[in-house]
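The chain contents come next:
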Amino acid sequence: MTYDITIIGNGILGLSTALSLAFLDPSLKIGVVGPENKEGGASVAAGAMLNAFAEITSTSLKSYAGQEKFNLSIQASKRWDSWIKKINDFLPVPDQITYQKGTFLILNSKSGILDSENFYSILKALNEHNEPYEEVNPAEIPGLHPLEDCRPLRSLYLPNEGCIDSGKFMRALQDIATNHYKISFINKKAKSFNVRGNSVTSINIESGESISSKTFVLAMGSYSQKLIDTLPQISRNIPRLLSGMGCSLVVNQDNNNIVQHVIRTPNRSGACGLHAMPQGEGNLYIGATNNVYMNPKTHHKAGFTHFLLECALEQINQNLHKSDIKTYYTGNRPATIDTFPLIGETSINGLWLLTGTYRDGFHQSPFLGDSMARKILGLPHELNNIFKPERSLIKTFTKEESIEEAIRHYMCGAYERSMKLPKAGWDEVLRDLIHNRVNYVYDRLETNFGLSPDMMMMFEFSDDFEESLDYFKDYFKGNHLRKNLSIL
Ligand SMILES: Cc1cc2nc3c(=O)[nH]c(=O)nc-3n(C[C@H](O)[C@H](O)[C@H](O)COP(=O)(O)OP(=O)(O)OC[C@H]3O[C@@H](n4cnc5c(N)ncnc54)[C@H](O)[C@@H]3O)c2cc1C
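Keep in mind that this is a model prediction, so the values were computed, not measured.

Focus on the overall build of the chain
Now for step 1: On a plain count of helices and strands, the chain comes out with 12 helices and 18 strands.
Now for step 2: Over its C-alpha atoms the chain spans a radius of gyration of 22 Å, differing by no more than 12% from the 23 Å that the globule rule assigns to 488 residues.
Now for step 3: For the C-alpha atoms alone, the extent of the chain along its principal axes is close to 70 × 60 × 40 Å.
Now for step 4: Per-residue burial over the chain gives 59% buried out of 488 residues.
Now for step 5: Long-range pairs, those at least 24 residues apart, make up 76% of the contacts in the chain with a sequence separation of at least 6.
Now for step 6: Accessible area of the chain: about 19800 Å², with a carbon and sulfur share of 49%.
Now for step 7: Both charge centroids of the chain, one from 49 positive and one from 53 negative side chains, sit 5 Å from each other.

The following block contains the structure:
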């Protein structure tokens with residue numbers, strides 16, 4: 001099998017890049033490698049919200065890198081209308097994609113103080129960027145019927161941010177690619193690269209065959225680390241990819257109270273916030289949990305499902321307890337240890353990376369797919385180099401800030417889980433206990449690299465707390481270079 005360009009990975013970023021390449025040069029013969037069922041992929045588990053402002057947190061814009069990541073999101077927001085129009089031009093009317101605009105951002109007290117800080121940071125950014133929004137009465141949000149003690153006291157309506165049916169959209173991209181361009185889908189898993197000199201010449205796939213190309217784009221989401229590990233000459237310089245495992249569900253809507261637009265909280269407790277959105281045929285998508293692991297997971301966890309349903313029933317609509325569960329998803333967000341993406345060419349000729357988009361890769365896909373395609377073809381593009389794959393870790397927290405931020409996220413999670421503390425100073429006692437626990441992690445890691453709270457919480461949820469600490473102690477010392485990174 002020989003292609004001009006081979007995309008390794010069939011999630012939203014792989015599909016968007018393949019199609020963008022074909023739009024720019026229809027003569028290209030392109031191969032997309034990946035299992036048809038997209039097992040463990042993040043894109044299928046996403047709703048997906050197309051949010052830029054509603055994703056802002058109290059810390060996300062404090063660093064230059066954070067601002068650049070936000071810029072990617074803003075660029076993507078500008079692309080969605082024309083991208084969907086372009087896709088719909090290929091589709092018969094009944095199959096066309098709807099961009100359901102409008103997001104209700106709610107501030108309820110079923111969480112910690114962090115929710116308020118994130119909510120006000122979003123409000124500040126909306127004002128500074130003259131982005132349209134209106135303050136709305138939470139009692140008038142269609143589809144919202146929370147328990148009284150979970151009711152939001154403030155909410156904003158963002159008319160320019162919304163959602164799309166992720167599954168339908170990816171099926172449309174794949175159909176257009178197959179029916180209108182020279183794009184072939186290879187229902188197999190990639191195993192390793194063949195490198196001659198300093199160039200990738202082919203990849204080996206699980207059936208024993210190989211695929212040759214001049215250019216390879218590695219876009220396997222959190223699974224990309226497995227292939228990066230086979231290239232020690234570059235793996236040492238690429239921030240470690242982890243798996244932000246997330247569970248989501250689809251239930252049928254409450255017919256008497258239909259959710260019409262995204263309803264979401266700000267990002268909270270190391271995750272992307274509780275959100276619900278309409279998904280056609282009377283369905284309601286509910287997302288999402290996030291727990292970072294060393295390697296991808298493919299099974300829905302009982303505890304996370306329980307938590308997600310509890311949150312949805314308490315905070316979105318108590319009548320959803322009558323709904324049928326239509327389906328559930330488990331996906332792995334590709335998250336680097338510094339939480340920033342990996343975009344661009346590597347120092348091995350012909351090998352490009354597009355991953356590490358973590359929470360909002362679906363939203364960023366029209367911009368990233370087109371920009372990567374342009375970069376590969378040597379055309380003008382708007383991507384800068386800050387997130388190039390081989391780079392130092394980007395530091396956005398001091399160790400002290402990281403500890404303080406982690407405590408806030410732990411508290412948030414505990415309050416969302418209905419923690420009730422005795423009066424008189426117990427809040428401080430609990431904070432101190434968490435402080436000690438987080439400090440212990442830093443003592444064991446022997447690093448001053450300020451981890452983001454999600455990464456800090458990874459240790460808590462890891463399958464083996466002490467072993468993962470040992471791994472990252474070595475990682476921060478650089479000793480991991482002598483080890484096989486995928487062993488844990
Ligand atoms: C529950 C959840 C909710 C989310 N919600 C949102 C949201 O609302 N908005 C948003 O913008 N983002 C959201 N995200 C994040 C977003 O989904 C990701 O950032 C984005 O989808 C990443 O896309 P990708 O193509 O890089 O990776 P993936 O979608 O993970 O795709 C990688 C593909 O590679 C395949 N693969 C695995 N192994 C191999 C192999 N050996 N060879 C070839 N292929 C392989 C996988 O099967 C998969 O199909 C969410 C993620 C999750 C998990």
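Some remarks on the nonpolar core
Now for step 1: Membership of the largest hydrophobic core comes to 48 residues, with the highest contact counts inside it found for L19, I87 and F169.
Now for step 2: Counting residues per element, the ones that place at least two in this core are β1 (2-8), α1 (12-24), β2 (30-33), α2 (64-88), α4 (166-180), β18 (351-355) and α8 (361-377).
Now for step 3: Per-element tally for this core: the top contributor is α1, with eight residues.
Now for step 4: Residue contacts for F169: discarding those within four places in its chain leaves I12, W80, W83, I84, I87, I97, I164 and F362.

Focus: the site of the ligand
Now for step 1: Around the ligand sit 36 residues in total, of which N10, S43, M49, Y358 and H363 are the nearest.
Now for step 2: Taking M49, its main chain carries an N or O atom lying 2.8 Å from an oxygen atom of the ligand.
Now for step 3: In the complex, 98% of the free accessible area of the ligand, which totals 1000 Å², lies under the protein chains.
Now for step 4: Looking at the shell around the ligand, the elements with two or more residues in it are α1, β16 (325-336) and α8.

Here's the deal with the domain arrangement of the chain
Now for step 1: Taken as a whole, the chain is organised into domain 1 (2-39 + 167-241 + 338-387), domain 2 (98-165 + 242-336) and domain 3 (395-486).
Now for step 2: Put simply, the middle of domain 1 and the middle of domain 2, counted by C-alpha atoms, are 30 Å apart.
Now for step 3: Taken together, domain 1 and domain 2 are joined by zero salt bridges.
Now for step 4: Joining domain 1 to domain 2, the criterion identifies 11 residue pairs in polar contact (both at pLDDT 80 or more).
Now for step 5: The dominant element in the side of domain 1 that touches domain 2, judged by the number of residues it contributes, is α4, at three residues.

Some points on the side chain of D454
Now for step 1: Relative to the assigned elements, D454 resides in helix α11 (residues 453-461).
Now for step 2: Residue D454 is classed as buried on the basis of its relative accessible area, which comes to 8%.
Now for step 3: Excluding residues that lie within four positions of it along the chain, D454 makes contacts with G270, N290, V292, Y358 and R359.

Remarks on the environment of L309
Now for step 1: Looking at the element boundaries, L309 is found in helix α7 (residues 302-316).
Now for step 2: C-alpha separation for the pair L309 and G287, spaced 22 residues apart in sequence, amounts to 9.3 Å.
Now for step 3: Setting aside its immediate chain neighbours within four residues, L309 contacts L249 and I325.

Things to note about unusual backbone geometry
Now for step 1: Residue G47 is joined to A48 through a cis peptide bond whose omega torsion reads 15 degrees.
Now for step 2: Mapped onto the fold, A48 is located in the loop between β2 and β3 (49-50).
Now for step 3: Of note, the amide linkage connecting G287 to A288 takes the cis form, showing an omega dihedral of -20 degrees.
Now for step 4: Positionally, A288 belongs in the loop between β14 (283-287) and β15 (291-293).
Now for step 5: For K38, which is not glycine, the phi torsion reads 55 degrees and is therefore positive.
Now for step 6: Within the element layout of this structure, K38 appears in the loop between β2 and β3.

Describing the pattern of salt bridges
Now for step 1: Counted by the stated rule, this structure contains 25 salt bridges.
Now for step 2: Of the charged contacts, one joins K85 and D89 as a salt bridge, the two residues approaching to 3.3 Å between their closest N and O atoms. When sorted by exposure, K85 lands in the same class as D89, which is exposed.
Now for step 3: A salt bridge links E117 to R408, with the shortest nitrogen-to-oxygen separation between them at 2.2 Å. Of the two residues, E117 is situated in helix α3 (residues 113-128) and R408 in helix α9 (residues 399-416); the sequence distance between them amounts to 291 residues.
Now for step 4: Residue classification places E117 among the partly exposed positions, given a relative accessible area of 25%.
Now for step 5: A single network of salt bridges, built from pairs that share partners, joins E117, E404, R408, D427 and R431.

Digging into the packing of α1 against α8
Now for step 1: Relative to each other, α1 and α8 sit at 45 degrees, their axes nearing to 8 Å. In this view, α1 runs oblique relative to α8, as classed from their interaxial angle. Classified by chirality, the crossing of α8 by α1 is right-handed. For the pair α1 and α8, the contacting residues are I12, L13, S16, T17, S20, L21 and L24 in the first and G361, F362, S365, L368, G369, D370, M372, A373, R374, I376 and L377 in the second.
Now for step 2: For the contact of α1 with α8, the per-class residue count stands at 10 nonpolar, six polar and two charged.

Remarks on a nonpolar patch on the surface
Now for step 1: A contiguous nonpolar patch, built from W426, V429 and L433 and spanning about 290 Å² of accessible area, is present on the exposed surface.
Now for step 2: With respect to the helices, strands and loops of the structure, L433 is situated in helix α10 (residues 426-445).

The rules we used
- Here, residues in each chain are numbered from 1, in the same order as that chain's written sequence.
- The predicted origin of the model limits local features to residues at a pLDDT of at least 70 and limits the giving and counting of side-chain atom pairs to 80 or more, whereas totals for whole chains, interfaces and linings rest on all residues.
- Only hydrogens and water are removed before side-chain values are computed, so all heavy atoms of the structure are retained for them.
- Helix and strand definitions follow DSSP, with helices as H or I runs of at least four residues and strands as E runs of at least two, each counted in order from the N terminus.
- As a reference, a globule follows 2.2 Å times the number of residues to the power 0.38, and the radius of gyration itself is taken over C-alpha atoms.
- We call a residue buried when its accessible area falls under 20% of the maximum for its residue type, exposed when it is over 50%, and partly exposed in between, using a 1.4 Å probe and counting protein chains only.
- Contacts were defined at the residue level, with two residues in contact if any of their heavy atoms lie within 4.5 Å.
- Residue burial considers only the protein chains on display, and all accessible areas are found by Shrake-Rupley using a 1.4 Å probe.
- In this count, Lys and Arg are taken as positive residues and Asp and Glu as negative ones, while His and the chain termini are left out.
- Where a charge lies is defined by one atom per residue type, namely NZ (Lys), CZ (Arg), CG (Asp) and CD (Glu).
- Remark: nonpolar core denotes a set of buried residues (Ala, Val, Leu, Ile, Met, Phe, Trp, Tyr, Cys) joined through side-chain atoms within 4.5 Å.
- Note on terminology: near, applied to a residue and a molecule or strand, indicates that one of the residue's heavy atoms is within 4 Å of it.
- Polar contacts, as used here, are pairs of N or O atoms within 3.5 Å; protein pairs need one atom able to donate a hydrogen and one able to accept it. Residues neighboring in sequence count only if both atoms are side-chain atoms.
- Either an automatic procedure or a domain database provided the assignment from which the domain bounds are taken.
- Each reported salt bridge corresponds to a side-chain nitrogen of Lys or Arg within 4 Å of a carboxyl oxygen of Asp or Glu.
- In this analysis an axis means a line fitted to C-alpha atoms, helices contributing only their contacting stretch, and an angle means the value between N-to-C directions, from 0 to 180 degrees.
- Angle categories are assigned with fixed cut-offs, so that under 35 degrees is roughly parallel, over 145 is roughly antiparallel, 65 to 115 is roughly perpendicular, and the rest are oblique.
- Less than a right angle of anticlockwise turn of the near helix away from the far helix marks a crossing as left-handed, whereas a clockwise turn marks it as right-handed.
- In this classification, the charged set is Asp, Glu, Lys and Arg, the nonpolar set is Ala, Val, Leu, Ile, Met, Phe, Trp, Tyr, Cys and Pro, and all remaining amino acids, among them Gly, are polar.
- Patch membership requires more than 30% relative accessible area and the absence of a salt bridge. Residues of like charge join within 9 Å; the nonpolar side chains Val, Leu, Ile, Met, Phe, Trp and Tyr join within 5 Å.

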